[in-house]
Structures are given as structure tokens and as C-alpha cells.
Amino acid sequence: MPPIPFFSRRLFLGQTLATVLPLSTRAQPAPDGFRVLEARKNTLQLLPEPAAATAVWGFDGEVPGPLLRYKKGEEVKVRLVNKLDQPTSLNWHGVRIVNAMDGAGGLTQEPVPPGGSFDYRFTPPDSGLFWYHSEVLAFAREQTGRGLYGVMIVDEEAPPQADRDMLVVLDDWKLDGKNQIAGFDSGAERIGALVTVNSHAVPVEESLPPSSRLRLRILSVADTRLMAISFNGVTPLILAVDGQPCEAFEPVRRTIPLGPGARFDVMCDLPGDTGAEANVTLLGDNEPDRVLLAFKTAGEKRSPLPPVASLTQNLALPREIKLQAARKLDIVIEAISPPSPATNPPLYWKLNGVASHGFAPAPLFSVKRGTPVTLGFVNHTAMVQQMRVHGHVMRLLHDLDDGWEPYWRDAVLVPEGKTKHAAFVASNPGKWAIECSIAGRQASGMATWFQVT
């Protein structure tokens, strides 16, 4: 992985969803108002014919699954129907959700068995870009890796003006010689050679009028790959991180780091000249860079738009976190070398000296509602880790002073051999998972939980 650029703290002042490629919004409505999502098998043409189609698992057989879009304050009513041969669930990634609906199989609900169903019903408290995926630890890596994920958008009350509102779901696929998904038969990391946008091989090309304003809603669902994407020919302004709005700013070197599950809302204006080109490029890790999105201007120039403005800040989140009163806890991440031979499957990781295939019977810690919490993620491994906290969003604390970054995260990238601190207010009652969001590591030792009473 190339060096991960961190965001600049310098701030820049300043319709219907159109997707880069078509994403179905179809879902089966039930008589009682629930949208039915079926987890089932299908095939997908990842590579152009005459290449063989790839067997996938998807919600309604689609990858990504149906786009779920709501207005702020609107209730979500989704019925998961499991037509797979494995138990599954639905985790609403990034949503500050009521605990019983979080979908952490084995912690907040029993996994949905083959042939079973489960009703999810909640009202998202925040607008933003979120996603849903399977969350039964023993099966989540394979299920997500085979395509069992989708996107949920909760619109702002007053969305910013844009000519195109584009959903950009980034994934990579590890395929065998017959174009079938491979790599689930060992504990090895899975970085696929085929990179896609919305399940279409890159590059994806778009032609738009000069000076068009684009809103890119970018999500990485890659299994293991840590991405760094660079903007060329345009100036990107980040409007939201992990679904939460921030003051609009330009990232360092116009480059954004994306771990698995990371989301960024980005606004940019295309060049004003006809025939101009711009692109979004994945920076290579011991491989060539590759263009993900290629834009070219054509046609009549649009009239000027006002400068890009920040989204309305989320007033439901605390304006400050009283760090001096926080419950402070370090979570030490270590590799087990060699992997534990007494378990099947093997355990590769441990948190604070404990390794488990699932969620332990007792919480790592328990706090009363409203308690500020500071977590130190201490990475004693030789790999970058991305640690996620369910049900809450965090401030990433500065390494050298007592400040924090001006955006919220639901997961934190922790470089190898380093420590990162994050703080949040434990405002959401229930049992909440803390886990590595790099697929496969949760079930092999890197998952724990805490309780808010």
C-alpha cells in the first residue's frame, strides 16, 4: 500500500440519484409495508462476454443490492429473507441505530437461518451515506466477498445543488481461471486483481457538459485492499466522511485513503473547456495506477454555479467531548504466530491478549449512557488495521496535542506498529461491537464488544 495521506485540517470556503452505471432500486414490497430483501444466489457478468459469468450471492440476487433511499425522519422497514445455505443478518453500517436492529449476529440478534426471515424496523437519526451487509462473523467474509452488500442513502433536508449525484461503489474481485470467486479456503488476505465500480470493470467513462458539478458518494466494500484514490484535473472537496457532514475541505494531494467500509461524499466541478478530461485514479501498490472514473466534457457549457458550500452540520452530535472525564481504555492488537492450532478455524489475532471466534460472553467494558470514552488502538502487528465501533461515531484525536480532527469516523485506520486514539460519547444504549472492518479478521480473533447501560 502506498503511504496513506491524512486529511488537511485547512478548510476551504467556498434530484433523482444518477449513478455512474445503473443500479436497480427495485425491492419487493410486502402488504404490511416492509421492503423484502432476499439473500440469494445469482450470476454476474463481471468481465465482458465471451468471458464466463461469475456466480455471486446478492440481495435480490443483485450486486450491489437494491439501493435503499429515504428522507430524513422516514422509517426504514426491511424484511430479510434468507435463501442461502448459511445463516446471515443485516448490519446497517454507520447508522447510529437502535441496538436490537444493529444486525450483529450472535450479539444483538440470533443469525437468520437458511429459509428464515427477520424484520428490521428503525428510523435513522442522521442523513448520510450508509451501507448494509451480512454480519455473522463466521460467514461474513465469504458472504460479503461474494457480493452480499448494498447501499442506503438518507437524504439531507436540503441537498446541495449538483448536476450529477453519482454512487461509486468500489470493490475488487479475486477470481480463478474460470472467472469464479476464489480465496475463502484459507486465512490468507484477499486482494483481487479485478477492480470494479458498481460491479463494472474499470475504467468507467462519463461524458458531461463543461463545468458540470458532480457529487460523488464513494464507498469501498473491498475485502482487504486499502485504497488511495487520487483526483486529477478537478479539485475535490470532501463534504462528509463516513456519512457525517464536515466543513468542506480539500484532501492532502487531492488523495483520499479508503479502508473497507469507508465512505466519502465529494463535490467537484469539471473543467470549463469542451474536450477537457479529468479522472479518479486508484494508486497502485506494487502495481500500475489504474483509472477508476474517466470524465470528458462535451456539449454546451452550463451557467456558473455558486461556490461549493458545506453541508449542514449534524446538531445531534456533541459539540465537544470532555476528554478529561472520559473512560480511557487501550485495545492492544496482536498477531498469533503461529496461528492457534487447537481451534478450527485457526485464530490469527488477539485483542488485549484474548482471541475468540465470536463475541465473548462478557463485554470488554461497560459504561453508563452519556459517558465520554477514549479508546487507544495499539497496533502491535506488521499490518495496517482498521478498527470500527458500532452504533457510534468518533473523533480521531491528534497524536501530538489534545485536539481532534474536524470530522467524524465510524472506523479508524491504525498503521502498523502505531497507536491511534479516538473519542466518542457513549450515547446509544445496548451491546455494541468493536471489530476490525477488514473482512475475515473479525472471525479469527479481532472482535469484541462493550455495553452502554
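Quick notes on the rules
- Residues numbered from 1 in each chain as written.
- Predicted model: local features only at pLDDT ≥ 70, side-chain atom pairs only at ≥ 80, totals over all residues.
- Heavy atoms only, no water.
- Helix = DSSP H or I, 4+ residues; strand = E, 2+ residues; numbered from the N terminus.
- Rg over C-alpha atoms; globule rule 2.2 N^0.38 Å.
- Buried < 20%, exposed > 50% of the residue type's maximum accessible area, 1.4 Å probe, protein only.
- Areas by Shrake-Rupley, 256 points an atom, 1.4 Å probe, with all protein chains shown as cover.
- Lys, Arg positive; Asp, Glu negative; His and termini not counted.
- Charge placed at Lys NZ, Arg CZ, Asp CG, Glu CD.
- Pairing = 2+ DSSP bridges.
- Axes fitted to C-alpha atoms, helices over the stretch in contact; angles between N-to-C directions.
- Salt bridge = Lys/Arg side-chain N within 4 Å of Asp/Glu carboxyl O.
- Core = buried A, V, L, I, M, F, W, Y, C linked by side-chain atoms within 4.5 Å.
- Contact = heavy atoms within 4.5 Å.
- 1 Å grid on protein atoms, 1.4 Å probe; cavity = no way out; pocket = protein on both sides within 12 Å on 5 of 7 lines; lining within 4 Å.
- Points joined across faces, edges and corners; volume = space filled by probe spheres on them.
- Nonpolar A, V, L, I, M, F, W, Y, C, P; charged D, E, K, R; others polar.
- Phe/Tyr/Trp six-rings, centres within 6.5 Å; stacked < 30°, edge-to-face > 60°.
- Lys NZ or Arg CZ within 6 Å of the ring centre and 35° of its normal.

A few points about the overall build of the chain
Item 1. Helix and strand counts for the chain come out as one helix and 32 strands.
Item 2. Rg of the C-alpha trace for the chain: 21 Å, near the compact-globule value of 22 Å for 453 residues, within the 12% margin.
Item 3. Seen through its principal axes, the chain has C-alpha atoms that stretch 65 × 55 × 50 Å.
Item 4. The proportion of buried residues among the 453 residues of the chain is 58%.
Item 5. With the model as given, the accessible surface of the chain reaches about 18200 Å², and the carbon-plus-sulfur share is 52%.
Item 6. Charged side chains in the chain number 45 positive and 48 negative. The centres of these two groups are separated by 3 Å.

Concerning the sheet that holds strand 4 (residues 68-71)
Item 1. What the four strands build is an open sheet, ordered 4-9-8-6; its pairing is mixed. For this open sheet the edge positions go to strand 4 and strand 6 (91-93), each flanked by a neighbour on one side alone. Across the sheet, the axes of successive neighbouring strands diverge by a mean angle of 25 degrees, strand direction being ignored.

Focus: the pattern of salt bridges
Item 1. According to the stated counting rule, one finds 29 salt bridges in the structure shown.
Item 2. A salt bridge links lysine 83 to glutamate 38, with the shortest nitrogen-to-oxygen separation between them at 3.3 Å. Linking lysine 83 in the loop between strand 5 (76-82) and strand 6 with glutamate 38 in strand 2 (residues 35-44), this pair joins segments that are 45 residues apart in sequence.
Item 3. Overall, glutamate 38 belongs to the buried group, its relative accessible area being 18%.
Item 4. A salt bridge links aspartate 155 to arginine 217; the shortest N-O distance between them is 3.9 Å. Residue aspartate 155 is found in strand 9 (residues 149-155), and its partner arginine 217 is found in strand 14 (residues 213-220); the two are separated by 62 residues along the sequence. Arginine 217 matches aspartate 155 in its accessibility class, with the two residues each being buried.
Item 5. Bridged by salt links that share partners, the residues Arg69, Asp155, Glu156, Asp165, Arg215, Arg217 and Asp265 form one connected network.

Side note on the nonpolar core
Item 1. Leu90, Trp92, Phe122, Met152, Leu375, Phe377 and Ile434 are the most contacted members of the largest nonpolar core, which totals 51 residues.
Item 2. Apart from the residues lying within four places of it in its own chain, the contact partners of methionine 152 are Leu68, Tyr70, Val76, Trp92, Val95, Phe122, Pro124, Gly128, Leu129, Phe130, Trp131 and Tyr132.

Observations regarding the sheet that holds strand 28 (residues 404-409)
Item 1. Taken together, the six strands give an open sheet; going across it, the order is 23-22-25-30-27-28, and neighbouring strands pair in mixed fashion. Pairing within the sheet leaves two strands with one partner each, and these edge strands are strand 23 (347-351) and strand 28. Mean inter-strand twist for the sheet, computed between neighbouring axes without regard to direction, equals 25 degrees.
Item 2. In the sheet, strand 27 (residues 394-397) pairs with strand 28 via three bridges, with the strands oriented antiparallel. Following the sheet pairing, leucine 397 is matched in strand 28 by tryptophan 404.

Considerations on the side chain of serine 127
Item 1. Note on placement: serine 127 falls in the loop between strand 7 (117-122) and strand 8 (128-133).
Item 2. On the accessibility criterion, serine 127 (14% relative accessible area) is buried.
Item 3. Residues contacting serine 127, with those up to four places away along its chain left out, are Lys72, Val154, Asp155, Glu156 and Gly243.

Quick notes on empty space enclosed by the protein
Item 1. Its volume calculated, the largest cavity comes out at about 180 Å³.
Item 2. Along the wall of the largest cavity there are 19 residues; nearest its centre are Trp131, His133, Ser437, Ala439 and Gln442.
Item 3. Listed by contribution, the elements that provide at least two residues to the lining of the largest cavity are strand 8 and helix 1 (137-145).
Item 4. For the lining of the largest cavity, the leading source of residues is helix 1, giving three residues.
Item 5. Of the residues belonging to the lining of the largest cavity, the class tally is six nonpolar, eight polar and five charged.

Details of the packing of aromatic side chains
What characterises a pair of aromatic rings is the spacing of the ring centres plus the angle enclosed by the ring planes.
Item 1. The full count for this structure, using the stated rule, is nine aromatic pairs.
Item 2. Both rings, one in tryptophan 92 and one in tyrosine 132, keep their centres 5.6 Å apart while their planes meet at 45 degrees; by these two values the pair is tilted. In this pair, tryptophan 92 is assigned in strand 6 and tyrosine 132 in strand 8, connecting sequence segments 40 residues apart. For the pair tryptophan 92 and tyrosine 132, one class covers both residues: buried.
Item 3. An aromatic cluster is present here, built from Phe59, Trp92, Phe118, Tyr120, Phe122 and Tyr132 joined pairwise through their rings.
Item 4. For the cation-ring pair, arginine 79 lies above phenylalanine 34, with the distance from its terminal atom to the ring centre recorded as 4.7 Å.

A word on the pairing of strand 19 (residues 263-269)
Item 1. Along strand 19, six of the seven residues are buried, which leaves the element largely enclosed by surrounding structure.
Item 2. Pairing of strand 16 (residues 237-241) with strand 19, which is carried by four bridges, proceeds in the antiparallel orientation. Of the residues in strand 19, the one forming a bridge with isoleucine 238 is valine 266.

Quick look at unusual backbone geometry
Item 1. Residue proline 50 is reached from glutamate 49 by a cis peptide bond, and omega for that bond is 15 degrees.
Item 2. Secondary-structure assignment places proline 50 in the loop between strand 2 and strand 3 (54-59).
Item 3. Backbone torsion omega between valine 202 and proline 203 reads 5 degrees, so that peptide bond is classified as cis.
Item 4. For proline 203, the position within the fold is in the loop between strand 12 (200-201) and strand 13 (204-208).
Item 5. One non-glycine residue, aspartate 60, lies in positive phi territory at about 60 degrees.
Item 6. Structurally, aspartate 60 can be placed in the loop between strand 3 and strand 4.
Item 7. With a relative accessible area of 2%, aspartate 60 lands in the buried category.
Item 8. Even without being a glycine, arginine 253 presents a positive backbone phi close to 55 degrees.
Item 9. Among the secondary structure elements, arginine 253 is positioned in the loop between strand 17 (244-249) and strand 18 (255-258).
Item 10. According to the relative accessible area criterion, arginine 253 is exposed, its value standing at 60%.

The analysis is restricted to geometry; functional conclusions fall outside its scope.
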